[in-house]
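# A structural walkthrough
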There are 2 protein chains.
Amino acid sequence: MRIFGDSISGNCLKVKWTADHLSLPYDWIEIDIRKGESRSPAFLAMNRAGQVPVVQLDDGRAIAQSNAILLHLGRGSRLIPADPFEQTKMLEWLIWEQYSHEPYIAVARFQVVYQGKSVTDLEPRLIERGKAALGCLEDALGDRRFLVGDGLTLADISLVAYTRTAHHGGFDLADYPAVHRWVGQVEQLLGLDPAA
Amino acid sequence: MRIFGDSISGNCLKVKWTADHLSLPYDWIEIDIRKGESRSPAFLAMNRAGQVPVVQLDDGRAIAQSNAILLHLGRGSRLIPADPFEQTKMLEWLIWEQYSHEPYIAVARFQVVYQGKSVTDLEPRLIERGKAALGCLEDALGDRRFLVGDGLTLADISLVAYTRTAHHGGFDLADYPAVHRWVGQVEQLLGLDPAA
């Protein structure tokens, strides 16, 4: 298996962490999105949307969309709950992440860290919706250790990816104590150092 | 089962069509989002994100996120491919729909039809990204009948929901002949009249 990803991207890193956690062997192919490497003809042949990450299976077939990749890699593993309702709740989080969290938390970070914007110049909508997303996580977590059920699932891995660097975009996790605690616990389970 | 949805929303209608196609019994509870009915305390207790659709199972538990609901309703049915790779490709489309299609195609329609904007006043980004999404669908479909494999899957139902009303937001499906043909075929399979 080959993972084509940009190391600055939480969407790519979550694929790496999942593969590492499940001890799946892979080669990591670094794709610099800022140099347009995800727009090359070879890359577009794998994913016409020109987005990272892409996973190429050993038979040559390719999979795009980080959370679909997570579901593919996690199939049959402990990272997907056996209980049908819990499985659905996990899917709910994975879809919510791409619709209501990533477009604000990840985009704010990208604009500040990689496009040099100051936090005060961010679109107010980014900040407002980003805070709403963190508030949803805070309410859902309460004193729970994991988003779904009693163990680590793909929902935690997916949501931690950009939540742990939310401060890069000006969000302060001190305002979301349950989220802050959960990030630390998930990082530990994944063997990650706290995000700088 | 109770489906809480707003009939103007493709995200809600796709849940109804899936239940109808699988002959699942349900009560439809109309929620008028423009009157703020998805922000009532009773509604927020089911889905703290305040978004429709929500499905409440007979035991009282609730599920949000249209595509997660589709996956829940479709579990074990012919709408989810048995082949693991095809299943993954279907998930890829469901996640792509919420990230790269709905935020442009559905939002353009909402602003024109329900907020009274003229098509010429839409943000250029909405139109550009919406066209890119339709272009991706066109490339993927070619002369295929369905997005994944040889039969109707949740990917077709999910993607048709807002594609069939793309013209409300100023997109012209005549520019995307494979998409136009596919919409008609899927509508027919779902027993829907062509969208006005």
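A brief look at the structure comes next. (Residues numbered from 1 in each chain as written. Chains lettered and ligands numbered in written order. Predicted model: local features only at pLDDT ≥ 70, side-chain atom pairs only at ≥ 80, totals over all residues. Heavy atoms only, no water.)

### Overview of the relation of the copies chain B and chain A
- In screw terms, the move from chain B to chain A is a rotation of 180° and a rise of 0.0 Å along the axis, fitting with an RMSD of 0.0 Å. As the rotation angle and translation indicate, the two copies are arranged about a two-fold axis.
- Both copies present the same face, since 100% of the interface residues in chain B are matched by interface residues at the equivalent positions in chain A. (Least-squares fit on C-alpha atoms with pLDDT ≥ 70 in both. Contact = heavy atoms within 4.5 Å.)

### Thoughts on the interface of chain B and chain A
- Facing the 31 residues of chain B at the interface are 31 residues of chain A.
- Looking at the side of chain B facing chain A, the largest losses of area belong to Phe 85, Ile 95 and Tyr 99 of chain B, adding up to 23% of the total buried there.
- On inspection of chain B and its partner chain A, the count reaches zero salt bridges.
- If you look at where chain B meets chain A, you find 14 residue pairs in polar contact (both at pLDDT 80 or more).
- Looking at the side of chain B that touches chain A, the elements with two or more residues in it are β4 (62-64), α3 (66-74), α4 (84-114) and α5 (124-141) of chain B.
- No other element matches the 14 residues that α4 of chain B contributes to the side of chain B that touches chain A.
- A breakdown of the residues in the side of chain B that touches chain A according to their chemical character gives 16 nonpolar, eight polar and seven charged. (Buried area = accessible area lost by both parts, 1.4 Å probe. Salt bridge = Lys/Arg side-chain N within 4 Å of Asp/Glu carboxyl O. Polar contact = N/O pair within 3.5 Å; in protein donor to acceptor, adjacent residues only side chain to side chain. Helix = DSSP H or I, 4+ residues; strand = E, 2+ residues; numbered from the N terminus. Nonpolar A, V, L, I, M, F, W, Y, C, P; charged D, E, K, R; others polar.)

### Overview of unusual backbone geometry
- Cis geometry is adopted by the peptide bond preceding Pro 53 of chain A, which originates at Val 52 of chain A and carries an omega value of 0°.
- Here Pro 53 of chain A shows up in the loop between α2 (41-46) and β3 (54-56).
- Although it is not a glycine, Gln 65 of chain B adopts a positive phi angle of roughly 70°.
- You can see Gln 65 of chain B is positioned in the loop between β4 and α3.
- Under the relative-accessibility criterion, Gln 65 of chain B is labelled buried at 7%. (Buried < 20%, exposed > 50% of the residue type's maximum accessible area, 1.4 Å probe, protein only.)

### As for the environment of Ala 45 of chain A
- In this structure, Ala 45 of chain A sits in helix α2.
- Ala 45 of chain A sits 13 residues away from Asp 58 of chain A along the chain, and the two C-alpha atoms are 16 Å apart.

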